[in-house]
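Listed below are the residues making up each chain.
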Amino acid sequence: MTQVISVVQEKGGAGKTTLLITLASLMVADGARVAVIDTDPQHNLEDWAKKEEIDLDWIFEDNDEKLIPTIRALKKASPAYDVILVDTAGFKSAMAVYAINAAGLVLIPSKANESDAKGAIKTYRHVHGVADSMDKDIGAYVVMMDVDPNTNITEAILASLEEQEVPRLNAMCAHRTGFKEMMSTGRGPEGSAKRSAQSVLAELQIKGLLDYYGGHNGKA
Ligand SMILES: Nc1ncnc2c1ncn2[C@@H]1O[C@H](COP(=O)(O)OP(=O)(O)OP(=O)(O)O)[C@@H](O)[C@H]1O
Ligand SMILES: [Mg+2]
């Protein structure tokens, strides 16, 4: 079965594309067959994938009504994709609803600042609303991005997520130049950025959230 993971956050610039590229490239390195769908008119994900440094397939689709049929077609591919990752634009949109709808897992990146955290909390509630309306169980987790761990602001943001009972990964993508370089190199994270990224992938595996590694989306 192909797992669909959507990266959603209604606040722009929170690290959606960075997180998606990071996970895609680490999973390809682990042997997964990966497809990525860029639904953002900025084309950032497509621009990265087009460099063809990472062995994956990509599609650009900004017509929201075509997203579900596109995913359906990709799910029928042979050999099957292990994972389809969907990137979305940084605002609330019909496209984001379709991307949530199609996903078994939604990741919500947030940098350690007030407006990203607010966006993450609202996005988490939105994912729940969409899942409820479909009578579906969709796991959703905040992933902290661009983090400087031992600062007061990071502590305060983590506390506010906890207070709002918004689940998040303990592992975070630290503030590293290696994450920025990916857009120009077309590759995945390298050096200390890679180590930081691997901690995020490892936690997703341990939580059983990634089917490719034998998880079942957190469900029995
Ligand atoms: N862990 C990190 N370390 C350093 N820089 C980071 C990190 N995560 C994200 N960034 C930087 O933050 C900026 C925004 O990231 P990104 O483009 O991934 O966000 P986005 O949510 O996809 O934005 P948009 O809403 O415009 O699509 C980029 O310059 C990216 O390099
Ligand atoms: Mg983006």
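Procedures and definitions
Residues numbered from 1 in each chain as written. Chains lettered and ligands numbered in written order. Predicted model: local features only at pLDDT ≥ 70, side-chain atom pairs only at ≥ 80, totals over all residues. Heavy atoms only, no water. Phe/Tyr/Trp six-rings, centres within 6.5 Å; stacked < 30°, edge-to-face > 60°. Lys NZ or Arg CZ within 6 Å of the ring centre and 35° of its normal. Axes fitted to C-alpha atoms, helices over the stretch in contact; angles between N-to-C directions. Helix = DSSP H or I, 4+ residues; strand = E, 2+ residues; numbered from the N terminus. Parallel < 35°, antiparallel > 145°, perpendicular 65-115°, else oblique. Contact = heavy atoms within 4.5 Å. Nonpolar A, V, L, I, M, F, W, Y, C, P; charged D, E, K, R; others polar. Near = heavy atom within 4 Å. Polar contact = N/O pair within 3.5 Å; in protein donor to acceptor, adjacent residues only side chain to side chain. Areas by Shrake-Rupley, 256 points an atom, 1.4 Å probe, with all protein chains shown as cover.

Per an unreviewed UniProt entry, the chain carries the name Chromosome partitioning protein and comes from Tritonibacter scottomollicae.

Draft legend 1. Seen up close, the packing of aromatic side chains. Taken as a whole and assessed by the stated rule, the structure comprises 1 aromatic pair. Their ring planes at 80° and their centres at 5.0 Å tell us that Y212 and Y213 sit as a pair that is edge-to-face. When the ring centre of Y81 is taken as reference, the NZ or CZ atom of R33 above it lies at 4.3 Å.

Draft legend 2. Representation of the packing of helix 1 (residues 16-29) against helix 7 (residues 177-185). One can describe the packing of helix 1 onto helix 7 by two numbers: an axis separation of 10 Å at closest approach and a directional angle of 80°. Relative to helix 7, helix 1 is oriented roughly perpendicular. Contacts between helix 1 and helix 7 involve T18, I21 and T22 from the former and F179, M182 and M183 from the latter. A per-class count over the contact of helix 1 with helix 7 returns 4 nonpolar, 2 polar and no charged.

Draft legend 3. Layout of the site of ligand 1. Taken together, 19 residues sit near ligand 1, with K16, T17, T18, K111 and A174 positioned nearest. A distance of 3.1 Å is found between a nitrogen atom of ligand 1 and a backbone nitrogen or oxygen belonging to D146. Relative to its unbound accessible area of 630 Å², ligand 1 is 83% covered by the protein chains. Among the elements of the structure, helix 1, strand 6 (139-147), strand 7 (173-174) and helix 7 are those that each provide at least two residues to the shell around ligand 1. At 3 residues, the largest contribution of residues to the shell around ligand 1 is made by helix 1. In terms of residue class, the shell around ligand 1 is made up of 5 nonpolar, 8 polar and 6 charged.

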